[in-house]
Amino acid sequence: MIVRELFERFLWSSRLSVMFGVLSCIVAAFVVFAMGLRDVVHMIELIMGYIFSGSHAVRNDLVMVVVEILDTFLLGAVLLIFAFGLYELFINNLKGASKSDAGGKILIISSIDSLKSKLGKVILMMLIIKVFSFFTEMKPTSMLELLYMGITVVLIAGALKLSKD
């Protein structure tokens with residue numbers, strides 16, 4: 001009996017090893033946010049260049065940087081949501097989140113499925129941004145390519161509709 005109780009206590013305590021993942025995700029999120037901040041500084045430089053030159057090439061670069069900024073900050077959000085979800089599932093509920101208005105919107109994670117659902121929605125948004133950036137670079141040369149682009153947009157709209165709660 002004592003051996004079984006010790007083993008069960010050890011097994012239950014082993015869930016704390018998830019903290020390595022939680023801390024790693026938080027550190028990675030800060031790194032990604034720092035990268036996004038650097039991209040914002042680059043965007044400001046491009047805005048100044050565009051204001052003074054009005055160059056179409058600078059404008060295109062500016063649009064691409066804005067898309068990259070969105071993608072970068074969404075990746076940081078994915079990392080934070082994953083860290084919060086792991087913590088809530090394996091360690092403890094976040095007391096500060098339950099008292100916050102924002103906490104109720106993003107952090108009610110009761111199971112692995114709800115965590116996957118929340119992450120899936122953010123990842124879907126990241127993929128949509130990637131498709132948008134691909135479309136900004138693409139110049140359709142035939143009606144078939146234009147049709148493919150339209151079908152892609154319809155499929156994305158369908159995916160967004162299906163991801164609604």
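Conventions we followed
Each chain has its residues counted from 1, following the order in which its sequence is written. Local features in this predicted model are restricted to residues of pLDDT 70 or higher, and side-chain atom pairs are both shown and tallied only at a pLDDT of 80 or more, whereas totals for entire chains, interfaces and linings draw on every residue. Note that the side-chain values use all heavy atoms of the structure and ignore hydrogens as well as water. Helix and strand definitions follow DSSP, with helices as H or I runs of at least four residues and strands as E runs of at least two, each counted in order from the N terminus. Buried residues are those whose accessible area, probed at 1.4 Å on protein chains only, stays under 20% of the maximum for their type, while exposed residues exceed 50% and partly exposed ones sit between those limits. Polar contacts here mean pairs of N or O atoms no more than 3.5 Å apart (in protein, one a potential hydrogen donor and the other a potential acceptor; neighbouring residues in sequence count only if both atoms are side-chain atoms). On a scale of 0 to 100, pLDDT captures the predictor's confidence in every residue. When a carboxyl oxygen of Asp or Glu lies within 4 Å of a side-chain nitrogen of Lys or Arg, that pair is called a salt bridge. With axes taken as lines fitted to C-alpha atoms, and helix axes fitted only over the stretch in contact, angles between N-to-C directions fall between 0 and 180 degrees. Roughly parallel here means an angle under 35 degrees, roughly antiparallel means over 145, roughly perpendicular means 65 to 115, and every remaining angle is called oblique. Two helices cross in a left-handed way if the nearer one is turned anticlockwise from the farther one by less than a right angle. They cross in a right-handed way if the turn is clockwise. The contact rule is simple, with two residues in contact once any of their heavy atoms fall within 4.5 Å. Under the scheme applied here, ten amino acids are nonpolar (Ala, Val, Leu, Ile, Met, Phe, Trp, Tyr, Cys and Pro), four are charged (Asp, Glu, Lys and Arg), and all others, including Gly, are polar. Only buried residues count toward a nonpolar core. Its members are Ala, Val, Leu, Ile, Met, Phe, Trp, Tyr and Cys residues joined through side-chain atoms within 4.5 Å.

(A) The environment of S142, seen in detail. With respect to the helices, strands and loops of the structure, S142 is situated in the loop between α6 (112-137) and α7 (143-163). Note on S142: relative accessible area 33%, which makes it partly exposed. Of the polar contacts made by the side chain of S142, one reaches the backbone nitrogen of E145; its length is 3.3 Å.

(B) The confidence of the model for the protein, seen in detail. On average, the protein scores 82 in pLDDT, and the residues at 70 or more come to 90%. Ranking the elements of the protein by mean pLDDT puts helix α5 (residues 101-106) last, at 59, and helix α2 (residues 18-53) first, at 93.

(C) Representation of the pattern of salt bridges within the structure. Tallied over the entire structure, the rule returns one salt bridge. Two residues, E8 and R4, come together in a salt bridge whose shortest N-O distance is 3.2 Å. With E8 and R4 both in helix α1 (residues 2-13) and four residues apart, this pair spans about one turn of that helix. Since its relative accessible area comes to 41%, E8 is described here as partly exposed. The exposure class of R4 is exposed, given its relative accessible area of 52%.

(D) Layout of the packing of α6 against α7. At a minimum axis separation of 11 Å, α6 and α7 run at an interaxial angle of 165 degrees. Judged by the angle between their axes, α6 and α7 are roughly antiparallel. In this structure, α6 crosses over α7, and the sense of that crossing is left-handed. Contact residues: α6 offers K121, L124, M125, I128, V131 and F135, while α7 offers M149, T152, V153, I156, A159, L160 and S163. Classifying every residue of the contact of α6 with α7 gives 10 nonpolar, two polar and one charged.

(E) Structural context of the nonpolar core. Counting residues in hydrophobic clusters, the biggest one holds eight residues: V18, V22, C25, A29, V32, L79, A83 and L86. Top element by residues in this core is α2. It accounts for five residues. Not counting the four nearest positions on each side in its chain, C25 is found in contact with L79, F82 and A83.

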